[in-house]
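Structural overview for review
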Amino acid sequence: MANIDEKLQKIARDLLESKEVSLIIGYTGGSHPQRMRPVFITKPEDVGRLSFNRHSVQDLAVFLKKQEVKKFGRIGIVVKGCDEKALNVLMQEYQVSRENIKIIGVECNGVIRQDLADKGETDLSENTVYDKCLMCGEHTPILHDYLIECADPQISMSGDIKPFAKIEELDSMSSEEKDVFWEKEFDKCIKCYACRQACPLCYCSRCIVEKNVPQWIDTNFGKIGNAQWNLIRAYHLAGRCIGCGECERACPVNIPLMLINGKMARSIHDLFGYKSGLDVDAKPVFGVFSESDFNDFIK
Ligand code: SF4
Ligand code: SF4
(Lines give C-alpha, C1' and ligand atoms only; values in the text may rest on other atoms or scores of the structure.)
(Ligands and ions follow the chains in the order given, each with its own letter.)
Protein backbone atom coordinates (compact mmCIF):
# COMPACT_ATOMS: atom_id res chain seq x y z
CA MET A 1 0.00 0.00 0.00
CA ALA A 2 3.08 2.23 -0.04
CA ASN A 3 1.97 3.80 -3.31
CA ILE A 4 -1.44 4.70 -1.92
CA ASP A 5 0.08 6.04 1.27
CA GLU A 6 2.60 8.16 -0.65
CA LYS A 7 -0.16 9.68 -2.80
CA LEU A 8 -2.31 10.31 0.24
CA GLN A 9 0.52 11.94 2.13
CA LYS A 10 1.47 14.17 -0.82
CA ILE A 11 -2.10 15.42 -1.22
CA ALA A 12 -2.33 16.08 2.52
CA ARG A 13 1.03 17.87 2.62
CA ASP A 14 0.09 20.11 -0.32
CA LEU A 15 -3.27 20.97 1.24
CA LEU A 16 -1.77 21.82 4.63
CA GLU A 17 1.24 23.71 3.25
CA SER A 18 -0.93 25.82 0.96
CA LYS A 19 -3.31 26.41 3.90
CA GLU A 20 -6.24 25.25 1.78
CA VAL A 21 -7.24 23.23 4.84
CA SER A 22 -6.19 23.39 8.46
CA LEU A 23 -7.04 19.80 9.35
CA ILE A 24 -6.88 16.45 7.57
CA ILE A 25 -8.97 13.57 8.91
CA GLY A 26 -7.64 10.21 7.76
CA TYR A 27 -6.45 6.79 8.91
CA THR A 28 -3.27 5.63 10.57
CA GLY A 29 -1.90 2.33 11.84
CA GLY A 30 -3.50 1.12 15.07
CA SER A 31 -2.52 -1.24 17.84
CA HIS A 32 -1.62 -4.08 15.43
CA PRO A 33 -1.10 -4.30 11.64
CA GLN A 34 -4.69 -5.38 10.96
CA ARG A 35 -6.23 -2.50 12.88
CA MET A 36 -6.46 1.06 11.58
CA ARG A 37 -7.70 4.06 13.50
CA PRO A 38 -8.69 7.65 12.72
CA VAL A 39 -6.01 10.32 12.84
CA PHE A 40 -6.19 14.13 12.83
CA ILE A 41 -3.29 15.91 11.13
CA THR A 42 -2.75 19.66 11.38
CA LYS A 43 0.95 19.99 10.50
CA PRO A 44 2.59 19.14 7.15
CA GLU A 45 5.44 17.40 8.97
CA ASP A 46 2.97 14.86 10.41
CA VAL A 47 1.44 13.65 7.13
CA GLY A 48 3.71 10.57 7.20
CA ARG A 49 1.25 9.10 9.71
CA LEU A 50 -1.50 8.90 7.09
CA SER A 51 -2.20 5.49 5.63
CA PHE A 52 -5.03 3.57 3.97
CA ASN A 53 -5.63 -0.15 3.49
CA ARG A 54 -8.29 -2.87 3.56
CA HIS A 55 -8.61 -2.43 7.33
CA SER A 56 -9.67 1.23 7.10
CA VAL A 57 -13.23 0.50 8.15
CA GLN A 58 -14.32 3.58 10.10
CA ASP A 59 -16.63 6.12 8.46
CA LEU A 60 -14.65 9.29 9.16
CA ALA A 61 -17.59 11.53 8.20
CA VAL A 62 -18.80 10.96 11.77
CA PHE A 63 -16.24 13.50 12.97
CA LEU A 64 -17.67 16.31 10.86
CA LYS A 65 -20.51 16.75 13.37
CA LYS A 66 -18.11 17.52 16.21
CA GLN A 67 -17.69 21.14 17.32
CA GLU A 68 -14.00 20.40 17.97
CA VAL A 69 -13.63 19.59 14.27
CA LYS A 70 -15.93 22.33 12.93
CA LYS A 71 -13.78 24.99 14.55
CA PHE A 72 -10.97 24.15 12.07
CA GLY A 73 -13.02 25.66 9.23
CA ARG A 74 -11.75 24.11 6.00
CA ILE A 75 -11.05 20.40 6.41
CA GLY A 76 -9.66 17.63 4.23
CA ILE A 77 -11.16 14.18 4.73
CA VAL A 78 -10.31 10.71 3.42
CA VAL A 79 -13.43 8.89 2.21
CA LYS A 80 -14.32 5.52 0.74
CA GLY A 81 -17.40 5.26 -1.49
CA CYS A 82 -19.69 4.44 1.46
CA ASP A 83 -18.29 7.29 3.57
CA GLU A 84 -18.79 9.73 0.71
CA LYS A 85 -22.51 8.95 0.79
CA ALA A 86 -22.61 10.13 4.40
CA LEU A 87 -20.84 13.30 3.34
CA ASN A 88 -23.43 13.82 0.61
CA VAL A 89 -26.30 13.55 3.09
CA LEU A 90 -24.57 15.98 5.46
CA MET A 91 -24.28 18.44 2.58
CA GLN A 92 -27.88 17.85 1.45
CA GLU A 93 -28.98 18.66 5.00
CA TYR A 94 -26.78 21.78 5.22
CA GLN A 95 -24.62 20.35 8.00
CA VAL A 96 -21.43 20.63 5.95
CA SER A 97 -20.69 23.10 3.23
CA ARG A 98 -18.92 21.91 0.08
CA GLU A 99 -16.51 24.83 0.04
CA ASN A 100 -15.25 23.89 3.51
CA ILE A 101 -14.38 20.32 2.54
CA LYS A 102 -11.62 18.86 0.41
CA ILE A 103 -12.64 15.31 -0.40
CA ILE A 104 -9.77 12.84 -0.76
CA GLY A 105 -11.55 9.86 -2.29
CA VAL A 106 -10.02 6.41 -2.15
CA GLU A 107 -11.31 3.57 -4.28
CA CYS A 108 -12.10 0.57 -2.11
CA ASN A 109 -13.08 -2.99 -2.96
CA GLY A 110 -14.01 -3.95 0.59
CA VAL A 111 -12.85 -3.79 4.18
CA ILE A 112 -12.10 -6.85 6.30
CA ARG A 113 -14.36 -7.56 9.28
CA GLN A 114 -12.66 -6.38 12.43
CA ASP A 115 -13.35 -9.59 14.38
CA LEU A 116 -11.49 -11.55 11.70
CA ALA A 117 -8.78 -8.91 11.28
CA ASP A 118 -8.10 -9.08 15.02
CA LYS A 119 -7.36 -12.80 14.53
CA GLY A 120 -4.86 -11.94 11.78
CA GLU A 121 -7.08 -12.18 8.68
CA THR A 122 -5.66 -10.22 5.76
CA ASP A 123 -7.33 -11.83 2.71
CA LEU A 124 -10.07 -9.91 0.97
CA SER A 125 -12.87 -12.30 0.02
CA GLU A 126 -16.65 -12.58 0.18
CA ASN A 127 -16.22 -14.46 3.47
CA THR A 128 -14.00 -11.88 5.17
CA VAL A 129 -15.56 -8.49 4.35
CA TYR A 130 -18.54 -6.76 5.93
CA ASP A 131 -21.96 -7.43 4.38
CA LYS A 132 -22.11 -3.77 3.31
CA CYS A 133 -19.13 -4.41 1.02
CA LEU A 134 -20.94 -7.29 -0.68
CA MET A 135 -23.85 -4.96 -1.46
CA CYS A 136 -21.70 -1.93 -2.33
CA GLY A 137 -22.32 -0.28 -5.67
CA GLU A 138 -20.06 2.70 -4.99
CA HIS A 139 -16.52 1.38 -4.76
CA THR A 140 -15.34 4.68 -6.25
CA PRO A 141 -16.43 7.87 -4.49
CA ILE A 142 -18.46 9.90 -6.99
CA LEU A 143 -17.80 13.33 -5.52
CA HIS A 144 -14.15 14.05 -4.82
CA ASP A 145 -11.41 16.64 -5.21
CA TYR A 146 -8.73 13.94 -5.40
CA LEU A 147 -9.05 10.27 -6.22
CA ILE A 148 -6.60 7.53 -5.29
CA GLU A 149 -7.02 4.26 -7.15
CA CYS A 150 -7.65 0.96 -5.42
CA ALA A 151 -4.81 -1.49 -4.85
CA ASP A 152 -7.12 -4.44 -4.17
CA PRO A 153 -8.77 -6.68 -6.76
CA GLN A 154 -12.57 -6.85 -6.95
CA ILE A 155 -14.00 -9.57 -4.76
CA SER A 156 -15.23 -12.50 -6.78
CA MET A 157 -18.66 -13.60 -5.65
CA SER A 158 -19.48 -17.30 -5.72
CA GLY A 159 -23.22 -16.73 -5.54
CA ASP A 160 -23.43 -18.75 -2.31
CA ILE A 161 -23.60 -15.61 -0.20
CA LYS A 162 -26.88 -13.72 -0.30
CA PRO A 163 -26.50 -10.35 1.43
CA PHE A 164 -30.27 -9.70 1.58
CA ALA A 165 -31.15 -13.19 2.87
CA LYS A 166 -31.65 -12.09 6.48
CA ILE A 167 -33.98 -9.25 5.47
CA GLU A 168 -35.96 -11.59 3.24
CA GLU A 169 -36.19 -14.13 6.05
CA LEU A 170 -37.62 -11.44 8.34
CA ASP A 171 -40.02 -10.30 5.62
CA SER A 172 -41.43 -13.80 5.44
CA MET A 173 -42.28 -13.85 9.17
CA SER A 174 -45.72 -13.09 10.57
CA SER A 175 -46.17 -9.89 12.63
CA GLU A 176 -46.18 -11.98 15.82
CA GLU A 177 -42.94 -13.72 14.86
CA LYS A 178 -41.31 -10.38 14.03
CA ASP A 179 -42.44 -9.05 17.40
CA VAL A 180 -40.83 -12.00 19.19
CA PHE A 181 -37.64 -11.64 17.15
CA TRP A 182 -37.19 -7.93 17.82
CA GLU A 183 -38.26 -8.10 21.45
CA LYS A 184 -35.49 -10.65 22.03
CA GLU A 185 -32.95 -8.44 20.24
CA PHE A 186 -34.00 -5.15 21.84
CA ASP A 187 -34.02 -6.83 25.25
CA LYS A 188 -30.21 -6.92 24.97
CA CYS A 189 -29.94 -3.13 24.52
CA ILE A 190 -28.15 -1.44 27.41
CA LYS A 191 -28.94 2.12 26.20
CA CYS A 192 -25.28 3.00 25.85
CA TYR A 193 -26.08 5.06 22.70
CA ALA A 194 -22.88 3.91 21.01
CA CYS A 195 -24.98 3.39 17.86
CA ARG A 196 -25.91 7.06 17.88
CA GLN A 197 -22.39 8.26 18.59
CA ALA A 198 -20.93 6.14 15.78
CA CYS A 199 -23.50 7.32 13.23
CA PRO A 200 -22.37 10.12 10.90
CA LEU A 201 -26.00 11.15 10.43
CA CYS A 202 -27.10 11.27 14.10
CA TYR A 203 -25.99 14.85 14.63
CA CYS A 204 -28.72 16.54 16.73
CA SER A 205 -27.03 18.57 19.45
CA ARG A 206 -29.68 17.27 21.84
CA CYS A 207 -31.02 13.82 21.04
CA ILE A 208 -34.73 13.13 21.60
CA VAL A 209 -33.76 10.53 24.17
CA GLU A 210 -32.21 13.24 26.34
CA LYS A 211 -35.29 15.48 26.34
CA ASN A 212 -37.49 15.11 29.39
CA VAL A 213 -39.94 18.00 28.95
CA PRO A 214 -41.87 16.33 27.47
CA GLN A 215 -40.40 12.88 27.89
CA TRP A 216 -40.87 11.26 24.51
CA ILE A 217 -38.96 8.08 25.26
CA ASP A 218 -38.86 5.98 28.39
CA THR A 219 -35.15 6.10 29.19
CA ASN A 220 -35.37 3.20 31.63
CA PHE A 221 -34.09 -0.17 30.62
CA GLY A 222 -37.10 -2.30 29.74
CA LYS A 223 -39.28 -3.69 27.00
CA ILE A 224 -41.10 -0.47 26.06
CA GLY A 225 -38.17 1.94 26.43
CA ASN A 226 -35.79 -0.31 24.54
CA ALA A 227 -38.18 -0.74 21.64
CA GLN A 228 -38.99 2.98 21.62
CA TRP A 229 -35.31 3.91 21.44
CA ASN A 230 -34.36 1.50 18.68
CA LEU A 231 -37.45 2.15 16.59
CA ILE A 232 -37.37 5.91 16.89
CA ARG A 233 -33.73 5.95 15.90
CA ALA A 234 -34.55 3.81 12.85
CA TYR A 235 -37.35 6.21 11.87
CA HIS A 236 -35.09 9.24 12.31
CA LEU A 237 -32.64 7.61 9.90
CA ALA A 238 -35.30 6.52 7.39
CA GLY A 239 -34.41 7.83 3.95
CA ARG A 240 -31.12 9.14 5.35
CA CYS A 241 -29.15 6.08 6.48
CA ILE A 242 -26.45 5.29 3.93
CA GLY A 243 -25.75 1.79 5.24
CA CYS A 244 -22.22 2.35 6.51
CA GLY A 245 -22.84 -0.20 9.28
CA GLU A 246 -21.03 1.80 11.91
CA CYS A 247 -23.96 1.61 14.38
CA GLU A 248 -24.00 -2.19 14.26
CA ARG A 249 -20.21 -2.33 14.50
CA ALA A 250 -20.33 -0.12 17.61
CA CYS A 251 -23.13 -1.98 19.39
CA PRO A 252 -21.53 -3.86 22.30
CA VAL A 253 -24.33 -6.41 22.53
CA ASN A 254 -24.50 -7.26 18.81
CA ILE A 255 -28.04 -6.17 18.01
CA PRO A 256 -28.45 -6.64 14.22
CA LEU A 257 -29.18 -2.95 13.60
CA MET A 258 -28.37 -3.26 9.89
CA LEU A 259 -31.40 -5.50 9.51
CA ILE A 260 -33.61 -2.57 10.52
CA ASN A 261 -31.62 -0.06 8.48
CA GLY A 262 -31.53 -2.33 5.44
CA LYS A 263 -35.26 -2.99 5.60
CA MET A 264 -36.01 0.73 5.90
CA ALA A 265 -33.72 1.55 2.97
CA ARG A 266 -35.38 -1.11 0.82
CA SER A 267 -38.85 0.18 1.66
CA ILE A 268 -37.87 3.77 0.89
CA HIS A 269 -36.48 2.65 -2.45
CA ASP A 270 -39.56 0.53 -3.28
CA LEU A 271 -42.01 3.28 -2.29
CA PHE A 272 -40.22 6.40 -3.49
CA GLY A 273 -37.45 5.19 -5.81
CA TYR A 274 -34.89 6.96 -3.60
CA LYS A 275 -31.49 5.81 -2.45
CA SER A 276 -29.80 7.89 0.20
CA GLY A 277 -26.44 9.54 -0.33
CA LEU A 278 -26.05 8.96 -4.06
CA ASP A 279 -26.80 12.47 -5.27
CA VAL A 280 -25.69 15.52 -3.34
CA ASP A 281 -28.04 17.71 -5.40
CA ALA A 282 -31.13 15.58 -4.75
CA LYS A 283 -33.71 16.83 -2.28
CA PRO A 284 -34.00 14.56 0.79
CA VAL A 285 -36.83 12.07 0.23
CA PHE A 286 -38.96 13.41 3.09
CA GLY A 287 -38.29 17.00 2.07
CA VAL A 288 -40.24 16.79 -1.17
CA PHE A 289 -43.76 15.97 -2.25
CA SER A 290 -44.71 14.36 -5.51
CA GLU A 291 -48.22 13.67 -6.74
CA SER A 292 -47.05 10.20 -7.64
CA ASP A 293 -46.06 9.49 -4.02
CA PHE A 294 -47.51 6.48 -2.30
CA ASN A 295 -50.68 7.86 -0.67
CA ASP A 296 -52.77 4.76 0.12
CA PHE A 297 -52.39 5.26 3.87
CA ILE A 298 -54.54 8.44 3.83
CA LYS A 299 -57.49 6.91 2.01
S1 SF4 B 1 -27.85 4.32 10.99
FE2 SF4 B 1 -25.99 3.01 11.07
S3 SF4 B 1 -25.69 2.35 8.94
FE4 SF4 B 1 -27.08 4.12 8.86
S5 SF4 B 1 -25.76 5.91 8.55
FE6 SF4 B 1 -26.04 5.69 10.78
S7 SF4 B 1 -24.29 4.41 11.46
FE8 SF4 B 1 -24.41 4.21 9.22
S1 SF4 C 1 -25.27 0.54 20.66
FE2 SF4 C 1 -26.58 -1.27 20.95
S3 SF4 C 1 -26.77 -1.44 23.19
FE4 SF4 C 1 -26.01 0.63 22.78
S5 SF4 C 1 -27.91 1.89 22.64
FE6 SF4 C 1 -27.39 1.26 20.56
S7 SF4 C 1 -28.62 -0.61 20.22
FE8 SF4 C 1 -28.54 -0.25 22.45
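About the thresholds
- Residues numbered from 1 in each chain as written.
- Chains lettered and ligands numbered in written order.
- Predicted model: local features only at pLDDT ≥ 70, side-chain atom pairs only at ≥ 80, totals over all residues.
- Heavy atoms only, no water.
- 1 Å grid on protein atoms, 1.4 Å probe; cavity = no way out; pocket = protein on both sides within 12 Å on 5 of 7 lines; lining within 4 Å.
- Points joined across faces, edges and corners; volume = space filled by probe spheres on them.
- Helix = DSSP H or I, 4+ residues; strand = E, 2+ residues; numbered from the N terminus.
- Buried < 20%, exposed > 50% of the residue type's maximum accessible area, 1.4 Å probe, protein only.
- Pairing = 2+ DSSP bridges.
- Domains from an automatic or database assignment.
- Contact = heavy atoms within 4.5 Å.
- Buried area = accessible area lost by both parts, 1.4 Å probe.
- Salt bridge = Lys/Arg side-chain N within 4 Å of Asp/Glu carboxyl O.
- Polar contact = N/O pair within 3.5 Å; in protein donor to acceptor, adjacent residues only side chain to side chain.
- Nonpolar A, V, L, I, M, F, W, Y, C, P; charged D, E, K, R; others polar.
- Near = heavy atom within 4 Å.
- Sits in = over half its atoms within 2 Å of the grid points.
- Core = buried A, V, L, I, M, F, W, Y, C linked by side-chain atoms within 4.5 Å.
- Expected span 1.5 Å × (residues − 1).
- Arc of directions from axis to C-beta.

**A short note on the layout of surface pockets**
As a volume, the second largest pocket reaches approximately 780 Å³. Where the lining of the second largest pocket is concerned, the elements lending two or more residues are α6 (165-171), α7 (175-186), α9 (223-236) and α11 (257-272). Residue contributions to the lining of the second largest pocket peak at eight residues, all from α11.

**Comments concerning the pairing of strand β1 (residues 23-29)**
Every other side chain in a regular strand lies on the same face of the sheet, so the side chains alternate between the two faces. Burial of β1 is extensive: six of the seven residues sit out of reach of the surface. Pairing analysis gives three bridges linking β1 to strand β3 (residues 75-79), with the strands arranged parallel. From the neighbouring strand, L23 faces β3, where its bridge partner is I75. Bridging between β1 and strand β2 (residues 36-41) involves six bridges; their strand directions are antiparallel. Within the sheet, the bridge partner assigned to I24 lies in β2 and is I41. Here β1 hands over to β2 after six residues, the two strands then running antiparallel side by side.

**Observations regarding the environment of K43**
Within the secondary structure layout, K43 lies in the loop between β2 and α2 (67-70). In this structure, the C-alpha to C-alpha distance between K43 and E17, residues 26 residues apart in sequence, is 8.2 Å.

**A few points about the domain arrangement of the chain**
Per the domain assignment, the segments making up the chain are domain 1 (2-148) and domain 2 (165-298). When each unit is reduced to the centre of its C-alpha atoms, the spacing between domain 1 and domain 2 is 25 Å. Each partner contributes residues to the interface: domain 1 has 24 residues there, and domain 2 has 24 residues. For the domain 1 and domain 2 pair, buried surface summed over both sides reaches about 1,900 Å², with 55% attributable to carbon and sulfur atoms. By the criterion of area lost to domain 2, the three top residues of domain 1 are K65, Q92 and E93, representing 30% of everything that side buries. The interface formed by domain 1 and domain 2 includes two salt bridges. Between the two partners, domain 1 and domain 2, sit 12 residue pairs in polar contact (both at pLDDT 80 or more).

**Quick look at empty space enclosed by the protein**
Applying the stated criterion across every chain, the model contains six cavities of 30 Å³ or more. What the largest cavity holds in volume is close to 100 Å³. Taken together, 13 residues line the largest cavity, and the ones lying closest to its centre are C199, L237, C241, C244 and C247. For the lining of the largest cavity, the class distribution of residues is eight nonpolar, three polar and two charged. Its boundaries defined by the atoms lining it, the second largest cavity holds a volume of some 90 Å³.

**Here's the deal with the site of ligand 2**
As a matter of local geometry, ligand 2 sits amid 13 residues, with C189, C192, Y193, C195 and C251 nearest to it. Here ligand 2 is seated within the second largest cavity. Mapped onto the shell around ligand 2, the elements with two or more residues apiece are α8 (194-198) and α9.

**Some details on the nonpolar core**
Among the nonpolar cores identified, the biggest contains 56 residues, and I24, I25 and L64 are the most heavily contacted of them. When residues of this core are traced back to their parent elements, those giving at least two are α1 (2-17), β1, β2, β3, α3 (81-92), β4 (101-106) and α5 (131-135). In terms of residues, this core owes the most to one element, α1, which gives six residues. Residue contacts for I24: discarding those within four places in its chain leaves A12, L15, L16, V39, F40, I41, L50, G76 and I104. Counting residues in hydrophobic clusters, the runner-up holds 24 residues, among them W182, W229, C251 and M264.

**Digging into the site of ligand 1**
Neighbouring ligand 1 are 14 residues, the closest being C199, C241, C244, G245 and C247. When each cavity is represented as a set of grid points, ligand 1 is found to reside in the largest cavity. At the level of secondary structure, the elements contributing two or more residues to the shell around ligand 1 comprise α10 (246-250) and α11.

**A closer look at α9**
Relative to the 20 Å expected for 14 residues at 1.5 Å per residue, α9 spans 20 Å between its end C-alpha atoms, a close match to the ideal helical length. Burial in α9 covers these residues: G225, N226, W229, N230, R233 and A234. Summarising the axial view, the buried residues of α9 lie within an arc of 160 degrees, below the 170-degree limit, and thus occupy one face. Away from the buried face of α9 by more than 90 degrees, exposed residues K223, I224 and Y235 are located. Contact partners of the buried residues in α9: α7, α8, α10 and α11.

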